[in-house]
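Examination of the molecular architecture
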Amino acid sequence: MEQDAVLGVTGAITQSDLAPLRAAARLGEQPVVYRVSRQQLGGGFGDQGRHPHAWAVAIYVDGQLCRVYNARGAGREWYSLDRLSCWLREQGFWQWWTRNDLEVPGGALSDFDAESG
């Protein structure tokens, strides 16, 4: 949630809001994909000590940045940029901004490094 304030997120939308907003020409063309401290458990990455961060998406609606939430009212989180990019393309987005303010550049380990080290 702290990253939402840093980025200036002022609203919330759900996936089901995207199509009507796009049809009404109220949706921005470039979502912001950003790193957040993980709130959801599970998803194959249940060890929060090893995987403390997730990716969130904010989309401009009428010029205001709105975070994508699930139907239960929690912020949607993705643990893989590959899966998130597929989701964005399914929603009709072809380009987006990505930012990671939570991790030190060069400090991330690949899965291969983590297993061998």
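Rules behind the numbers
- Residues numbered from 1 in each chain as written.
- Predicted model: local features only at pLDDT ≥ 70, side-chain atom pairs only at ≥ 80, totals over all residues.
- Heavy atoms only, no water.
- Buried < 20%, exposed > 50% of the residue type's maximum accessible area, 1.4 Å probe, protein only.
- Helix = DSSP H or I, 4+ residues; strand = E, 2+ residues; numbered from the N terminus.
- Arc of directions from axis to C-beta.
- Contact = heavy atoms within 4.5 Å.
- Polar contact = N/O pair within 3.5 Å; in protein donor to acceptor, adjacent residues only side chain to side chain.
- Pairing = 2+ DSSP bridges.

Some points on helix H3 (residues 81–90)
Those residues of H3 not exposed but buried are Leu84, Ser85, Trp87 and Leu88. Angular distribution of buried residues about the axis of H3 spans 160°; they occupy a single face of the element. Of the residues in H3, the exposed ones pointing more than 90 degrees away from the buried face are Asp82, Arg83 and Glu90. On its buried side, H3 packs onto helix H2 (15–23), strand E2 (32–37), strand E3 (53–61) and strand E4 (64–69). The distance from a side-chain oxygen at the start of H3 to the backbone nitrogen of Asp82 is 3.2 Å, and the residue carrying that oxygen is Ser80.

Section: the pairing of E3
With 8 of its 9 residues buried, E3 lies for the most part within the structure. Examined bridge by bridge, E2 and E3 share 6 bridges and lie antiparallel to one another. Within E3, the position partnered with Ser37 by the bridge is His53. In terms of strand pairing, E3 meets E4 through 4 bridges, oriented antiparallel. If you follow Ala58 over to E4, its bridge partner there is Arg67.

Read these as spatial facts, not as claims about activity.
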